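Inside the fold
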Amino acid sequence: MKMVSAMRNEIDSQRNPFADVDADRAEIWDMLVSRDIDAFVSEDWSMVAGDFDEDAFFGVDAKKQSNPDDWALGFPDLATYRSEWLSQARDFAQTEFAEDARAAIFSATQLTDIEINGDRAIARKKFDGQIRKVDGGEDRLLWQTLYYCVRRDGSWKICSFTGYLPNPLGAVS
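Now for a description of the structure that goes with this document. Bear in mind that the values here come from a model prediction, so they are computed numbers and not experimental data. Positions within a chain are numbered from 1, following the residues in the order the chain's sequence is written. Per-residue local features of the predicted model are confined to residues with pLDDT of at least 70, and side-chain atom pairs are confined, for both listing and counting, to 80 or more; whole-chain, interface and lining totals are unaffected and use all residues. In computing side-chain values, all of the structure's heavy atoms are included and hydrogens and water are not.

1. Thoughts on the sheet that holds strand β2 (residues 72-75)
- Following DSSP output, two strands are said to pair if at least two bridges run between them. A helix here means a DSSP run of H or I that spans at least four residues, while a strand means a run of E at least two residues long, and both kinds are numbered starting from the N terminus. One open sheet accounts for six strands, arranged β2-β1-β6-β5-β4-β3; its pairing is mixed. Here the strands that pair on one side only, and so sit at the sheet edges, are β2 and β3 (109-117). Along the sheet, successive strands turn relative to each other by an average axial angle of 25°, direction set aside.
- Across seven bridges, β3 lies against strand β4 (residues 120-132) in antiparallel orientation. Bridge pairing links Ile114 to Ala123 in β4.
- Two residues qualify as a contact provided that any one of their heavy atoms is within 4.5 Å of a heavy atom in the partner residue. Note on method: axes are straight lines fitted to C-alpha atoms, helices fitted across the in-contact stretch only, with angles between N-to-C directions ranging 0 to 180 degrees. Running over the sheet, helix α3 (residues 78-93) touches β2, β4, β5 (138-152) and β6 (155-165) and is turned about 70° from β2.
- Packed on one face of the sheet, helix α4 (residues 101-108) meets β3, β4 and β5 and runs near 125° to β4.

2. Overview of the pairing of β5
- In the sheet, β4 pairs with β5 via 13 bridges, with the strands oriented antiparallel. Counterpart to Ala121 in the pairing with β5 is Cys149.
- Where β4 folds back on β5, the antiparallel hairpin that results is connected by five residues, among which Gly136 adopts a positive phi of roughly 95°.
- Taking the residues that link successive antiparallel strands as the turn, the β5-β6 hairpin has two residues, and the phi of Asp153 there is positive, at about 50°.

3. Some points on α4
- Among the eight residues of α4, six are classified as buried, and the element is accordingly described as predominantly covered.
- Note on classification: 1.4 Å probe, protein chains only; a residue is buried when its accessible area is under 20% of the maximum for its type, exposed when over 50%, partly exposed between these limits. Regarding α4, the residues found buried are Ala101, Ala103, Ala104, Ile105, Phe106 and Ala108.
- Pairing of N or O atoms within 3.5 Å defines a polar contact, subject to two protein rules: one partner must be a possible hydrogen donor and the other a possible acceptor, and residues neighboring in sequence count only if both atoms are side-chain atoms. Where α4 begins, the capping side chain belongs to Asp100, and its oxygen is found 3.0 Å from the backbone nitrogen of Arg102.

4. Focus: the layout of surface pockets
- The pocket and cavity definitions rest on a 1 Å grid over protein atoms only: a 1.4 Å probe that fits but cannot leave marks a cavity, an open set with protein on both sides within 12 Å along at least five of seven lines marks a pocket, and residues lining either have an atom within 4 Å of a point. Grid points are joined across faces, edges and corners, and a volume is the space filled by probe spheres set on the points. One number sums up the size of the largest pocket: a volume of about 550 Å³.
- Phe40, Gln88, Leu141, Trp143 and Tyr164 are the residues nearest the centre of the largest pocket, which is lined by 24 residues in total.
- Taken together, the residues that form the lining of the largest pocket break down as 12 nonpolar, four polar and eight charged. Three classes are used, and their members are as follows: Ala, Val, Leu, Ile, Met, Phe, Trp, Tyr, Cys and Pro are nonpolar, Asp, Glu, Lys and Arg are charged, and the others, Gly among them, are polar.

5. Overview of the packing of aromatic side chains
- When the centres of two rings from Phe, Tyr and Trp lie within 6.5 Å, Trp using its six-membered ring, the rings pair. Their planes under 30 degrees apart give stacked, over 60 give edge-to-face, and anything left gives tilted. For the coordinates displayed, the defined rule picks out 16 aromatic pairs.
- Connected via pairs of aromatic rings, a cluster forms that spans Phe40, Trp45, Phe52, Phe57, Phe75, Tyr81, Trp85, Phe92, Phe97, Tyr147 and Phe161.

6. Thoughts on the nonpolar core
- By nonpolar core we mean a set of buried residues, namely Ala, Val, Leu, Ile, Met, Phe, Trp, Tyr and Cys, connected to one another through side-chain atoms within 4.5 Å. If you look at the biggest cluster of nonpolar residues, it comprises 40 residues, and the most contacted ones within it are Leu32, Phe52, Phe57, Tyr81, Trp85, Ile131 and Ile158.
- With nine residues, helix α2 (residues 23-42) is the largest single contributor of residues to this core.
- With near-sequence residues (within four places) excluded, Ile131 lies in contact with Phe92, Phe97, Glu99, Ala101, Ala104, Ile105, Gly137, Glu138, Asp139 and Leu141.

7. A closer look at the packing of α2 against α3
- The geometry of α2 relative to α3 is characterised by a closest axis approach of 8 Å and an angle of 65° between their N-to-C directions. Residues Asp36, Ala39, Phe40 and Val41 of α2 lie in contact with α3, whose contacting residues are Trp85, Gln88, Ala89 and Phe92.
- Residues that form the contact of α2 with α3 fall into these classes: six nonpolar, one polar and one charged.

8. Some details on the state of the cysteines
- When two cysteine sulfur atoms lie within 2.5 Å, the pair is treated as a disulfide. A complete count under the given rule lists zero disulfides for this structure.
- Cys149 forms no disulfide, and the closest cysteine sulfur to it belongs to Cys159, at a distance of 6.7 Å.
- On the accessibility criterion, Cys149 (1% relative accessible area) is buried.
- Looking at Cys159, the relative accessible area reads 9%, which means it is buried.

9. Re the environment of Lys126
- Here Lys126 shows up in strand β4.
- Accessibility expressed as a relative area gives 33% for Lys126, which makes it partly exposed.
- For the pair formed by Lys126 and Glu84, sequence separation is 42 residues and the distance between their alpha carbons is 20 Å.
- Not counting the four nearest positions on each side in its chain, Lys126 is found in contact with Ala108, Thr109, Gln110, Trp143, Gln144 and Asn167.

This is the structure in structure tokens:
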């Protein structure tokens, strides 16, 4: 019974909760969860490159600190963010995990709150989980990101984010 329940949770975590009810939110969820995870574990930036409004893009690094005075403009442009994303993906790929890392990331990821107002959206993506490593340790996933999206030519794009926020926000890691 436990295995069936665990399998159901894994499948549910990979299912788009908006797929049958809201096309805009479903598109944003696919972009920020499904495609992002698949690209990251594949170390394949080309899978997500089209998801950004390159001219407008920038990212704030909250450094897992709750005080905005500690945050920094860590990603002033898409090239800087792409470089960091690829570096993290390479490091991740070199880690030996004791479980399906892709499934564990899905299981740790929650994106159920997407606010849309006209052609703008804020998506609140939260991570809370871990991936067991072969050496007995774990990769702890515990932060959240606010994604700011814009609809361009009929598709949703990421124009900015505030990432690596504590989860919950008042917590400091």
